[in-house]
Amino acid sequence: MTATSSPGTSRADVAVIGGSGFYSFFDEGAAEVTIDTPYGAPSAPITVGDVEGRRVAFLPRHGAQHEFAPHTIPYRANLWALRMLGVRRVFAPCAAGSLTTDLGPGAMVVPDQLVDRTSGRTQTFFDGGGVHVQFADPYCADLRKAASRPGTVEDGVLVVVEGPRFSTRAESAWFARQGWTLVNMTGHPEAVLARELEMCYATIALVTDLDAGIEAGTGVRAVDVFAEFQRNLESLKTLVRSAIAAAPEGPCEACRVHEGVTLPIELP
Ligand SMILES: [Zn+2]
């Protein structure tokens, strides 16, 4: 990182919301942008620079020092700040537990569906007015295609739990019985807030563990999750880099959901 700059001079069209390992992602000359939003400050200053010929904004979801737990992440500020920079496409790499023995640690999955099991998180920008956003398909099909590469699993159901505790064995077994594929704590409300701001959004999940329901032994431990994530970080970064290069430019009709609707707030 070489400089700081103001939101007015830094623009980006693609964003990555991920772990702090992505700081090393940029070509020379990336700059840090400090932004405030009507919803407070985002998790950290945003780094803007060039990746694969695209202008990319990177935001560490948990903060620069990993100071935010999944349930305290300022999700609304994060998405709003990215949109203020001009971002219309968001890739969201994350760690996830697997609910099936078909997917072991190290597998990379681009989910096509989401189940929200969080509670108490604010999951809308629209506190007034009759705005009900389309969310049947929570992820942008174009971005999912851009993130799908040989070796990645091209669909799956991500169930997002409140955390910060891991699931009990009974919860995990129940999720697996529903046919759901992965479990994590940060995939929502990020996805719906992106949709409300008409930003294309896709998750790229790295499996770090077999969740409690299918694991014999002690259950999931945070130390093992972090270690497995670090082990696969370079592969994940390579995948995100190729996804950025393949991300379409120009408007995405499927993620433009407010056509003809008068919104109670003005989007940035
Ligand atoms: Zn889209």
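For every chain, the first residue of the written sequence is number 1, and numbering continues from 1 onward in sequence order. Selection of residues for local features in this predicted model requires a pLDDT of at least 70, selection of side-chain atom pairs for listing and counting requires 80 or more, and totals for whole chains, interfaces and linings are taken over all residues. Each side-chain value is worked out from all heavy atoms of the structure, with water and hydrogens disregarded.

## Description of the coordination of the zinc ion
Link 1 in the chain: Note: metal donors comprise N, O and S atoms at 2.8 Å or less from the metal (3.2 Å for Na, K and Ca); water molecules are not included, so apparent gaps in a site are possible. In the first shell of the zinc ion, the protein supplies Cys140 (SG), Cys200 (SG), Cys252 (SG) and Cys255 (SG), at 2.3 Å from the metal.
Link 2 in the chain: The site at the zinc ion holds four donor atoms, and with the angles between them running 104 to 116°, its shape is tetrahedral. Any site counts as irregular unless it has four donors with all angles between 85 and 135 degrees, making it tetrahedral, or four or six donors with opposite ones more than 155 degrees apart and the rest between 65 and 115, making it square planar or octahedral.

## A look at helix 5 (residues 222-231)
Link 1 in the chain: A 1.4 Å probe rolled over the protein chains alone gives each residue an accessible area, and that area as a share of the maximum for its type sets the label: buried under 20%, exposed over 50%, partly exposed in between. The helix and strand labels rest on DSSP assignments: H or I over at least four residues marks a helix, E over at least two residues marks a strand, and numbering proceeds from the N terminus. For helix 5, the full list of buried residues reads Val225, Glu228 and Phe229. Mapping the buried residues of helix 5 onto a view down its axis gives an arc of 100°, with all of them on the same face. Residues Val223, Gln230 and Arg231 are exposed on helix 5 and point more than 90 degrees away from its buried face.
Link 2 in the chain: Contact between two residues is taken to exist if any of their heavy atoms lie within 4.5 Å; hydrogens are not considered. Where helix 5 is buried, its residues contact strand 6 (89-98), strand 11 (200-210) and helix 6 (233-246). Comment: arc refers to directions from the helix axis out to C-beta atoms.

## With respect to the UniProt feature "binding site: phosphate" (unreviewed entry) in the protein
Link 1 in the chain: The residues that UniProt annotates with the feature "binding site: phosphate" (unreviewed entry) are Ser20, Arg61, His62 and Thr186.
Link 2 in the chain: Mapping Arg61 onto the fold places it in the loop between strand 5 (54-60) and helix 1 (75-84).
Link 3 in the chain: Those residues in contact with Arg61, other than ones at most four positions away along the chain, are Ile17, Gly18, Ser43, Ile73, Asn78, Ala92, Pro93, Cys94, Thr186 and Glu190.
Link 4 in the chain: Dropping the residues within four chain positions of it, His62 is found in contact with Glu67, Phe68, Ala69, Pro70, Ile73 and Thr186. UniProt positions are given in the numbering used here, feature names are shortened, and annotations may be inferred rather than shown by experiment.

## Here we look at the side chain of Thr203
Link 1 in the chain: Looking at where Thr203 falls in the secondary structure, it is placed in strand 11.
Link 2 in the chain: Assessed through its relative accessible area of 0%, Thr203 is described here as buried.
Link 3 in the chain: Excluding its chain neighbours within four sequence positions, the residues that come into contact with Thr203 are Ala92, Cys94, Val109, Val110, Pro111, Tyr139 and Leu158.

## What to know about the packing of aromatic side chains
Link 1 in the chain: Between the rings of Phe, Tyr and Trp (Trp by its six-membered ring), a pair exists once the centres lie within 6.5 Å; its type follows the angle of the planes, with under 30 degrees stacked, over 60 edge-to-face, and the other angles tilted. Enumeration according to the criterion identifies eight aromatic pairs in this entry.
Link 2 in the chain: Their ring planes at 65° and their centres at 5.2 Å tell us that Tyr39 and Trp80 sit as a pair that is edge-to-face. With Tyr39 in the loop between strand 3 (31-33) and strand 4 (46-51) and Trp80 in helix 1, the pair connects residues that are 41 residues apart, well separated along the chain.
Link 3 in the chain: Plain terms: the ring middles of Trp174 and Phe175 are 5.4 Å apart, the flat faces sit at 40° to each other, and that makes the pair tilted.
Link 4 in the chain: Taking relative accessible area as the criterion, Trp174 reaches 31% and is therefore assigned partly exposed.
Link 5 in the chain: For Phe175, a relative accessible area of 2% corresponds to the buried category.
Link 6 in the chain: Every member of this aromatic cluster is reached through a ring pair, and the members are Tyr39, Trp80 and Phe125.

## A closer look at the pairing of strand 9 (residues 157-161)
Link 1 in the chain: Of all five residues in strand 9, five are buried, a share of seventy percent or more.
Link 2 in the chain: The side-chain alternation of strand 9 yields two buried faces, one formed by Val157, Val159 and Val161 and the other by Leu158 and Val160.
Link 3 in the chain: By definition, the crossover connecting two strands over a helix is right-handed if that path, from the first strand to the second, turns clockwise as seen with the strands pointing away from the viewer. Taken together, strand 8 (residues 113-117), helix 2 (residues 141-147) and strand 9 constitute a β-α-β crossover, and its handedness is left-handed.
Link 4 in the chain: Two strands qualify as a pair provided DSSP detects at least 2 bridges between them. Pairing geometry for strand 9 and strand 10 (residues 182-184), over three bridges, is parallel. Bridge assignment links Leu158 to a residue of strand 10, and that residue is Leu182.
Link 5 in the chain: With respect to chirality, the unit in which strand 9 leads through helix 3 (residues 169-177) into the neighbouring parallel strand 10 is right-handed.

## Details of helix 1
Link 1 in the chain: Taking burial as the measure, the 10 residues of helix 1 include nine buried ones, the bulk of the element.
Link 2 in the chain: For helix 1, the complete set of buried residues consists of Tyr75, Arg76, Ala77, Asn78, Leu79, Trp80, Ala81, Leu82 and Arg83.
Link 3 in the chain: Where helix 1 is buried, its residues touch strand 2 (14-18), strand 4, strand 5 and helix 4 (190-196).

## Here we look at unusual backbone geometry
Link 1 in the chain: The omega torsion of the bond from Gly163 to Pro164 falls at 0°, within 30 degrees of zero and hence cis.
Link 2 in the chain: For Pro164, the location among the structural elements is in the loop between strand 9 and helix 3.
Link 3 in the chain: The omega torsion of the bond from His188 to Pro189 falls at 15°, within 30 degrees of zero and hence cis.
Link 4 in the chain: For Pro189, the position within the fold is in the loop between strand 10 and helix 4.

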